[in-house]
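Structural description and commentary
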Amino acid sequence: MTDNWATPTIRGYHAHVYFAQDTVAQARALCEAAARRFGVAMGRMHERPVGPHPDWSCQLAFKPAVFADLIPWLALHRAGLVVFVHPISDNELLDHTDRAIWMGAVRPLDLSVLSAGPGKLD
């Protein structure tokens, strides 16, 4: 019998802040504030779709210990920006679909670039 309630180890999280040409400055300010306040790693401001993401985005990478503080803060300060949050565990496809959290409109991801293997922390 398999354990349907087995929990994979979550090694970290990514929060992807989506933006457009007219919200670049807003997204940069939000991501920079999150990096300063919570010590999370801020990625580049991608002004084109990257990976599975359909919109321009900036990635915030963080450890599980930061989740309880960062996620509510992002919810309160995103000011209309879409934020996509997913764990990094044993299956990056599931992490980006069944295990994901959306703040704002759910956007269509390009799942063809994801594997059923472990996700990368960076």
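Residues numbered from 1 in each chain as written. Predicted model: local features only at pLDDT ≥ 70, side-chain atom pairs only at ≥ 80, totals over all residues. Heavy atoms only, no water.

Regarding the side chain of R78
Mapped onto the fold, R78 is located in the loop between α2 (67-77) and β4 (83-88). The residues touching R78, leaving out its near neighbours within four places in the chain, are Q26, L30, V83, M103 and G104. (Helix = DSSP H or I, 4+ residues; strand = E, 2+ residues; numbered from the N terminus. Contact = heavy atoms within 4.5 Å.)

Observations regarding the pairing of strand β1 (residues 12-19)
A large share of β1 lies buried, amounting to 8 of its 8 residues. Of the strand pairs in this sheet, β1 and β4 are connected by 6 bridges, and their pairing is antiparallel. By the bridge assignment, Y13 is partnered in β4 with P87. In this sheet, strand β3 (residues 56-62) lies alongside β1 in antiparallel orientation, the contact comprising 7 bridges. Directly across from V17, in β3, lies its bridge partner C58. (Buried < 20%, exposed > 50% of the residue type's maximum accessible area, 1.4 Å probe, protein only. Pairing = 2+ DSSP bridges.)

Focus on helix α1 (residues 24-38)
Taking 1.5 Å as the rise per residue, α1 with 15 residues should run 21 Å; its terminal C-alpha atoms sit 21 Å apart, in good agreement. V24, A27, L30, C31, A33, A34 and F38 are the residues of α1 that are buried. Those residues of α1 hidden inside the fold are in contact with β1, β2 (41-46), β3 and α2. Count one or two residues on from α1 and you reach G39, which has phi positive near 65 degrees. (Expected span 1.5 Å × (residues − 1).)

Some points on the nonpolar core
If you look at the biggest cluster of nonpolar residues, it comprises 25 residues, and the most contacted ones within it are V17, V40, L60, F62, L70, W73 and L74. Within the residue set of this core, elements represented by two or more residues are β1, α1, β3, α2 and β4. If one sorts the elements of this core by residue count, α1 sits on top with 7 residues. Once residues within four sequence positions are removed from consideration, F62 is found in contact with G12, Y13, H14, A15, V40, F67, L70 and I71. Counting residues in hydrophobic clusters, the runner-up holds 5 residues, among them V82, F84, A100 and L109. (Core = buried A, V, L, I, M, F, W, Y, C linked by side-chain atoms within 4.5 Å.)

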